[in-house]
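# Descriptive analysis of the structure
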Amino acid sequence: MTEPYNPKIESITFSDLPQFAMEELDRARRELAEVPDPTLFNFLIDDSHLNFEGQNSKALFAELSAAVPNGRNVVYIIKPVDEGSTAIGLIRTLFEESKKSKDGRSRDNRRLSPCLYVGSSSKMATRMKEHLGSGSRLTYALKLLEWLPMDDFPIQLTCALYPLGTPATVIRALEDALWDRLQPMFGRKGPR
């Protein structure tokens with residue numbers, strides 16, 4: 001089937017692209033300037049939360065779902081509670097030694113950082129379950145249950161909840177800026 005003629009597509013040429021890109025960046029800059037401070041929520045996650053049928057896990061995900069309901073845009077950070085260089089080095093080693101080809105884990109950025117992961121989501125409870133290790137093998141996530149002994153290395157999840165109506169382009173720009181600032185050990189910058 002042939003697409004109908006769209007004069008707007010034809011009117012944009014490659015010579016127009018720099019100007020168009022600058023206009024898009026100016027629009028994004030205006031939107032970013034108007035974003036209010038987010039509401040922050042912190043969650044401590046340890047070994048007791050890894051039994052997904054257990055009370056502690058159910059309580060954590062109920063609290064997370066109440067704070068960050070589905071459909072709300074959030075930018076989040078996952079980091080170990082112990083940010084000391086010894087702990088960071090051990091976490092890095094545990095990841096490297098246990099990683100298998102195509103195991104669905106997040107990208108290894110091959111660096112030491114007190115930040116494990118930076119991301120955004122509109123389904124935070126579901127996304128955190130994936131990071132902990134309860135989810136599809138096909139979904140890229142940390143899958144902490146498989147390699148991080150959380151009795152020794154509890155983690156902190158920090159969620160920055162933005163107001164309803166915050167454009168997705170703004171959320172992506174904020175996530176990318178946070179990624180650049182924190183340089184996480186795992187995951188990737190940009191759209192998935």
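Residues numbered from 1 in each chain as written. Predicted model: local features only at pLDDT ≥ 70, side-chain atom pairs only at ≥ 80, totals over all residues. Heavy atoms only, no water.

Let us now look at the sheet that holds strand E4 (residues 155-161). Reading across from one edge, E1-E4-E2-E3 is the order of the 4 strands in this open sheet, with antiparallel pairing throughout. The open sheet has two free edges, formed respectively by strand E1 (39-45) and strand E3 (117-121), since each of these has just one partner strand. Adjacent strand axes in the sheet meet at a mean angle of 20 degrees when their direction is disregarded. In the sheet, E1 pairs with E4 via 7 bridges, with the strands oriented antiparallel. Bridged to Phe41 within E4 is Cys159. Sheet strands in contact with helix H3 (residues 55-67) are E1 and E4, and its direction is about 170 degrees off that of E1. (Pairing = 2+ DSSP bridges. Helix = DSSP H or I, 4+ residues; strand = E, 2+ residues; numbered from the N terminus. Axes fitted to C-alpha atoms, helices over the stretch in contact; angles between N-to-C directions. Contact = heavy atoms within 4.5 Å.)

Across all of its chains, the model carries 10 salt bridges by this definition. In this structure, Glu96 and Arg92 form a salt bridge, with 3.1 Å as the shortest nitrogen-oxygen distance. Taken together, the residues span about one helical turn, with Glu96 and Arg92 both in helix H4 (residues 85-98) at a distance of 4 residues. Taking the relative accessible area as the measure of exposure, Arg92 reaches 6% and is therefore buried. Among the salt bridges present, the one from Arg92 reaches Asp108, with a minimum N-O distance of 2.6 Å. Of the two residues, Arg92 sits in helix H4 while Asp108 sits in the loop between H4 and E3, which places them 16 residues apart along the sequence. Owing to a relative accessible area of 17%, Asp108 belongs among the buried residues under this scheme. Salt bridges here are not isolated pairs; linked through shared partners, they connect Arg92, Glu96, Asp108 and Arg110. (Salt bridge = Lys/Arg side-chain N within 4 Å of Asp/Glu carboxyl O. Buried < 20%, exposed > 50% of the residue type's maximum accessible area, 1.4 Å probe, protein only.)

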